[in-house]
Structures are given as C-alpha cells and as structure tokens.
Amino acid sequence: MAQFNWDDIPFFLALARSGQLTMAARQLGSSHVTVARRVERLENALRQRLFERSSKGYKLTASGRRLVETARHMEEASAGISPGEAPGRGLTGSFRVAVPEGFASFFTDRMLKAFAARFPALSLELITLTQVLSLSRREADLTITLDSVTRGAYRSEHLADYNLCIYAARDFLAGMPPIRSREDLLSQRFVGYIEEMLFASGLDYLDEIHPALRPTFKSSSIFSQLTATRRGLGLCVLPCYLARDCDDLVPVLADQLCLRRTYWLTCHSDARQMQRERKVIAFFSDEIARHSDVLLLPDRNAAPAAQVRHPGLK
C-alpha cells in the first residue's frame with residue numbers, strides 16, 4: 001500500500017485546475033507521465049478515486065472536490081501566505097488566459113504591469129485566438145469571451161462593458177459628400193469581419209447598423225481592420241478604446257450611433273475553488289474597474305451618442 005506523500009498534492013491541484021495531464025505538466029514544469037503517476041499514488045494512499053477519467057480529460061469526483069479545499073489551504077500555508085500579505089505572492093507555475101484580440105491589446109497596455117507586480121512568480125501565457133479554443137478540453141485556465149457561456153460546467157460573470165463607433169480616415173472622407181444618416185453609409189466602402197468566421201454573435205456589427213451593408217475588405221483580425229481603415233480602405237466599426245488614440249481616424253455618425261458590447265470572464269466551475277484562479281479573477285475584476293472609464297468613454301472628438309446594446313445582452 002502506497003504511503004501518503006505531501007509532495008503529491010501540487011500534482012493533484014494542477015490536474016484539478018486544468019483537467020488535462022499535459023496542461024498540468026506544463027504548469028508544473030514536469031511530464032504528463034509524472035503527473036499521472038503522482039496522482040495515482042495519491043489515490044492509492046488515500047484509497048479514494050479523486051478523478052473520473054474520460055476522453056475529454058479528468059473530472060473531480062466527490063472525494064476529489066472535498067480534497068481540493070484541504071489541498072488549497074495546504075498550498076497557501078506552504079507558500080507562506082497570510083491574510084495580511086500581498087495577494088498573489090507565492091503563486092507559481094504557468095497561467096494561461098485566452099482573450100479576444102482587442103482586449104489583449106488593452107490588457108497588455110494597461111494591466112500587464114500590474115499583473116506582473118501582483119503575481120511576480122506566475123508565468124502568464126496570453127492567447128488571442130479564442131475562436132479556436134475548446135472549452136471542453138480546458139485549453140486555458142481563464143477565458144475572456146464576448147458572449148456569456150451558460151452550457152455545461154462553465155460559468156460566465158460580467159467583467160466590463162465597452163463602446164464602439166464607426167471610424168474612417170480623415171483622408172478617406174475628404175472631398176466626399178457628408179454622411180448624415182445610416183442610409184448615407186450604403187454608398188461607402190466598409191471594412192469588417194468574415195461572416196462565417198465570427199466566433200461571437202456580438203461581432204456582427206454591420207448587420208446591426210444597416211442590414212444592407214456589406215464589407216469590401218474582410219478580416220478575422222481587428223488589427224488588420226484597424227490598419228485597413230487607417231489606410232483609407234473604408235469605414236469600420238472599432239472599439240473606441242482602440243481607435244481614439246489614432247489621430248488620423250475620426251468618428252462617423254457618433255452623435256447618432258454608439259454600439260455597446262460586453263466582456264465576460266469565463267472559466268470552469270471547478271476552477272473557482274482554486275486559489276490561483278480566485279486570485280487572478282479578483283485581479284481582473286479590480287483592475288478592469290479601475291479602467292472602466294476608458295472602455296466606456298466614446299471618442300474624445302465625438303458628441304454624446306445614443307447607445308445601441310446588442311440584442312443578446314441583458
């Protein structure tokens with residue numbers, strides 16, 4: 001009979017967080033074979049099955065969920081964390097966050113330095129291709145989504161709202177008839193997303209502005225759209241926090257129309273029991289609250305606009 005070994009607990013926690021041997025191994029800087037062996041040894045020592053194995057990964061059993069809380073306290077104690085100490089100190093390993101491309105820029109510019117200060121020993125992996133991630137395979141510890149996820153064991157919570165306006169390059173508009181209404185937009189070239197590759201319903205901006213609008217240049221990348229707009233290839237719906245610092249761009253019909261979308265913080269329900277996830281989630285909530293004015297502020301040159309919320313948002 002295997003004897004209980006405290007050193008097996010980090011392997012158990014890593015697998016509980018990720019649900020995947022390979023991801024747990026990456027977080028620990030180990031191999032998936034070692035993770036499997038150490039977890040099996042822990043189960044033998046406790047004489048309890050901690051995980052249900054399937055083709056989709058590892059799911060905690062009732063015994064595993066009970067052990068998580070005890071193991072979490074052990075992890076905090078071993079890291080020397082007390083309620084009075086700075087949150088995030090002592091957290092180690094890799095933490096993977098998947099975010100939309102625009103949010104990645106916002107995070108890197110305004111939040112990354114604070115993240116590094118809060119979690120100095122945590123290695124952050126930032127993924128911007130959320131449309132190719134599978135939630136069921138738990139390819140990220142935390143995901144920022146544009147649609148609320150309500151299926152299965154995943155849970156979303158409201159993180160932040162942000163505004164979008166129609167933008168065009170100054171040179172593009174020069175010499176053109178003034179645009180005073182949505183109908184005037186029909187004679188203009190537009191830049192937008194590839195419809196069949198939209199990974200969130202809230203990205204279908206043009207149909208919401210006018211159902212007859214069709215982009216002449218399409219890209220799955222918001223930054224390709226931004227560059228094309230700055231080069232005078234057409235008008236484009238852009239997040240205000242991305243476009244407002246581009247002096248060569250001006251808002252169009254901003255006094256009549258301003259779209260609003262929402263970022264949702266999404267993760268597996270089991271992950272919310274984990275120390276690292278809870279602390280990183282708290283960081284995102286705190287930091288985004290500090291910058292909410294930037295996300296909600298329309299273009300600095302725009303008059304107040306009537307905000308149009310996506311029909312799927314509450």
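Residues numbered from 1 in each chain as written. Predicted model: local features only at pLDDT ≥ 70, side-chain atom pairs only at ≥ 80, totals over all residues. Heavy atoms only, no water.

### Here we look at the packing of aromatic side chains
Enumeration over the complete set of coordinates arrives at 15 aromatic pairs. Each ring, one from F51 and one from Y58, has its centre 5.8 Å from the other, and the planes form 75 degrees; the classification is edge-to-face. Of the two residues, F51 and Y58, both sit in the buried class. Here F106 and Y241 contribute two aromatic rings whose centre-to-centre distance is 5.4 Å and whose plane-to-plane angle is 65 degrees, an arrangement assigned as edge-to-face. Of this pair, F106 sits in helix α5 (residues 101-110) while Y241 sits in helix α10 (residues 240-243), placing them 135 residues apart in sequence. (Phe/Tyr/Trp six-rings, centres within 6.5 Å; stacked < 30°, edge-to-face > 60°. Buried < 20%, exposed > 50% of the residue type's maximum accessible area, 1.4 Å probe, protein only. Helix = DSSP H or I, 4+ residues; strand = E, 2+ residues; numbered from the N terminus.)

### A short note on the confidence of the model for the chain
Where the model shows low pLDDT, its predicted coordinates should not be examined in detail. Here the chain averages 83 in pLDDT, and 84% of its residues register 70 or above. Per-residue pLDDT stays below 50 along residues 81-85; that stretch engages in four contacts with residues further than four places along the chain or on separate chains. Taken as a whole, residues 299-314 scores under 50 in pLDDT and shows 49 contacts with residues more than four places along the chain or in a different chain. (pLDDT = per-residue confidence, 0-100. Contact = heavy atoms within 4.5 Å.)

### Description of the pattern of salt bridges
Considering all chains together, one arrives at nine salt bridges under this definition. The closest approach of N and O atoms between D8 and R38, which form a salt bridge, is 2.5 Å. With D8 in the segment before α1 (9-18) and R38 in helix α3 (residues 32-46), this pair connects stretches of sequence that are 30 residues apart. Each member of the pair, D8 as well as R38, is classed as buried. Residues E43 and R53 are paired through a salt bridge, measuring 2.8 Å at the closest nitrogen-oxygen approach. (Salt bridge = Lys/Arg side-chain N within 4 Å of Asp/Glu carboxyl O.)

### Quick notes on the pairing of strand β5 (residues 142-145)
Residue alternation in β5 divides its side chains into two sets, L142 and I144 and T143 and T145, and both sets are buried. As paired strands, strand β3 (residues 93-98) and β5 are joined by two bridges and run parallel to one another. Along β5, the bridge assignment pairs A98 with T143. Pairing analysis gives three bridges linking β5 to strand β11 (residues 258-268), with the strands arranged antiparallel. Across the sheet, residue T145 finds its bridge partner in β11, namely W264. (Pairing = 2+ DSSP bridges.)

### Description of the environment of V33
Note that V33 resides in helix α3. A relative accessible area of 53% means that V33 is categorised as exposed. Considered as a pair, V33 and L21 are twelve residues apart in the sequence and their alpha carbons are 8.0 Å apart.

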